[in-house]
Amino acid sequence: MSKTVLITGAAGFLGSHLCDRFLKEGFKVIGMDNFITGDEKNIAHLKNNSKFSFIKHDVTEFIKIETDIHYILHFASPASPIDYLKIPIQTLKVGSLGTHNLLGLAKAKKARLLIASTSEIYGDPLVHPQTEDYYGNVNTIGPRGVYDEAKRFQESITMAYHRFHGLETRIVRIFNTYGPRMRLNDGRVIPAFMGQALRGEDLTVFGDGSQTRSFCYVDDQIEGIYRLLMSDYAFPVNIGNPHEISISDFAEEIIKLTGTTQKVIYKDLPVNDPLQRQPDISLARKLLDWEPKVNRAEGMKITFDYFKNLSEEELYRSDHKDFSSYNNK
Ligand code: NAD
Ligand code: UDP
């Protein structure tokens, strides 16, 4: 009998790749999403798969599922800074109330729950590269605080359920991950630069571009998450690619890759934008025998090919997603 996994945020970037991976491993997959930042298109190819089912639901509301569930991966949450600045209350709710609902469901079903945490819990880090034992440097009341603090709360309540109720839990701290199925207009730097190159617009570097990030290709990320779920380790584990680059150097790489003749223009650095970010992945290496395999050049090429093949309509839908129907909830 196949085991069943519930994946929240299934219509999003990472959630949809997780659905593919668990189906490939022979699981029955139940996807759940309210489409607030995701897209039905990301799971359209699974429509006729008898092992896949989908429930449209906001996880901040009580979750009722009749069947047995063995694993839960909680990936529902806005993930792009532009998204969570526009829907701050939903962001706080999905990390707190949503996580509480999923913990309750996991407890009732005796399921193992993995939550998607983030490098953002380290804030603008004073320790570099970031190790799991670093407590972080987050501005609770800054604009990014809605995401960072929701994720920090998510980790705390997950550990409380683990310690108090003996629930089997896993916490992955995901560092910037990219690949096909990101929303072209979600505002994150890779779709932003690639969309700009494809539309013949200048590339917008925020600040002076000296801030750094370390980009992980989606297949590597999914492999790390899968191994962590199947491990017996309940404490947080960083999964990301330690190869760090400044955003201005990254813009130059994108110019070379895309062949755009446009230039780089500089805009204000968003408030509390972390100045440096690089995962220390020693723990994942040791515990999960995992490390990234796809280098940035390969991963960026696959991702650019994906964006190149989007329709004109999607390419020019550069206005941001319409959140008006969600903002009074
Ligand atoms: P995404 O925006 O593509 O996907 C998130 C999905 O969650 C969307 O489909 C959205 O509609 C859904 N969702 C949001 N709120 C919901 C709710 N209340 N009920 C049901 N569904 C809801 O983002 P992503 O990049 O795939 O990120 C997925 C998860 O991974 C998030 O929890 C994010 O915080 C975490 N993460 C991602 C990255 C990254 O680099 N991609 C980095 C760190 C953490
Ligand atoms: N960034 C940028 N131009 C853009 C979008 C983002 O220079 O058009 C910068 C942003 O300020 C940050 C980095 O790129 O320093 C990564 O931003 P992203 O939104 O992808 O994710 P973050 O790591 O900040 O959550």
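Residues numbered from 1 in each chain as written. Chains lettered and ligands numbered in written order. Predicted model: local features only at pLDDT ≥ 70, side-chain atom pairs only at ≥ 80, totals over all residues. Heavy atoms only, no water.

Examining the sheet that holds strand β2 (residues 28-33)
Consideration 1: Spatially, β3-β2-β1-β4-β5-β6-β11 is the arrangement adopted by the seven strands of the open sheet, whose pairing is parallel. Each edge of the sheet is formed by a strand with only one pairing partner; in this case those strands are β3 (52-56) and β11 (236-239). Here the strands of the sheet are splayed against their neighbours by 20° on average, with no regard to which way each runs.
Consideration 2: Of the pairings in the sheet, the one linking β2 to β3 comprises five bridges and is parallel in character. Bridge pairing links Gly31 to Phe54 in β3.
Consideration 3: Its contacts with the sheet place helix α1 (residues 13-24) against β1 (4-8), β2, β3, β4 (71-74) and β6 (169-174), and it is angled at close to 170° to β1.
Consideration 4: Contacts from helix α4 (residues 145-165) reach β4, β5 (112-118), β6 and β11 within the one sheet, and its direction differs from that of β5 by about 155°. (Pairing = 2+ DSSP bridges. Helix = DSSP H or I, 4+ residues; strand = E, 2+ residues; numbered from the N terminus. Axes fitted to C-alpha atoms, helices over the stretch in contact; angles between N-to-C directions. Contact = heavy atoms within 4.5 Å.)

As for the pattern of salt bridges
Consideration 1: Under the counting rule described, the total for this entry stands at 23 salt bridges.
Consideration 2: Among the salt bridges present, the one from Glu155 reaches Arg173, with a minimum N-O distance of 2.7 Å. Placement of Glu155 in helix α4 and of Arg173 in strand β6 is noted, with a sequence separation of 18 residues between them. This pair shows no difference in class: Glu155 is buried, exactly as Arg173 is.
Consideration 3: The structure contains a network of salt bridges with shared partners spanning Glu120, Arg144, Arg213, Asp273 and Arg277. (Salt bridge = Lys/Arg side-chain N within 4 Å of Asp/Glu carboxyl O. Buried < 20%, exposed > 50% of the residue type's maximum accessible area, 1.4 Å probe, protein only.)

Details of the site of ligand 2
Consideration 1: Inspection of the region around ligand 2 gives 18 residues, with Thr204, Phe206, Arg213, Asp273 and Arg277 positioned closest.
Consideration 2: Here an oxygen atom of ligand 2 and a backbone polar atom of Phe206 are 2.7 Å apart.
Consideration 3: Residue Gln211 places a side-chain N or O atom 3.0 Å away from an oxygen atom belonging to ligand 2.
Consideration 4: Within the complex, 95% of the 520 Å² of free accessible area of ligand 2 lies under protein.
Consideration 5: The set of elements that each furnish at least two residues to the shell around ligand 2 consists of α5 (189-199) and β8 (203-206). (Near = heavy atom within 4 Å. Polar contact = N/O pair within 3.5 Å; in protein donor to acceptor, adjacent residues only side chain to side chain. Areas by Shrake-Rupley, 256 points an atom, 1.4 Å probe, with all protein chains shown as cover.)

Some details on the nonpolar core
One broad rule of soluble globular proteins: the nonpolar side chains tend to lie buried together.
Consideration 1: Counting residues in each nonpolar core, the largest one holds 63 residues, and the members touching the most others are Ile7, Phe22, Val29, Leu73 and Phe75.
Consideration 2: Among the nonpolar cores identified, the runner-up in size contains 22 residues, and Val59, Ile63, Leu105 and Ile171 belong to it. (Core = buried A, V, L, I, M, F, W, Y, C linked by side-chain atoms within 4.5 Å.)

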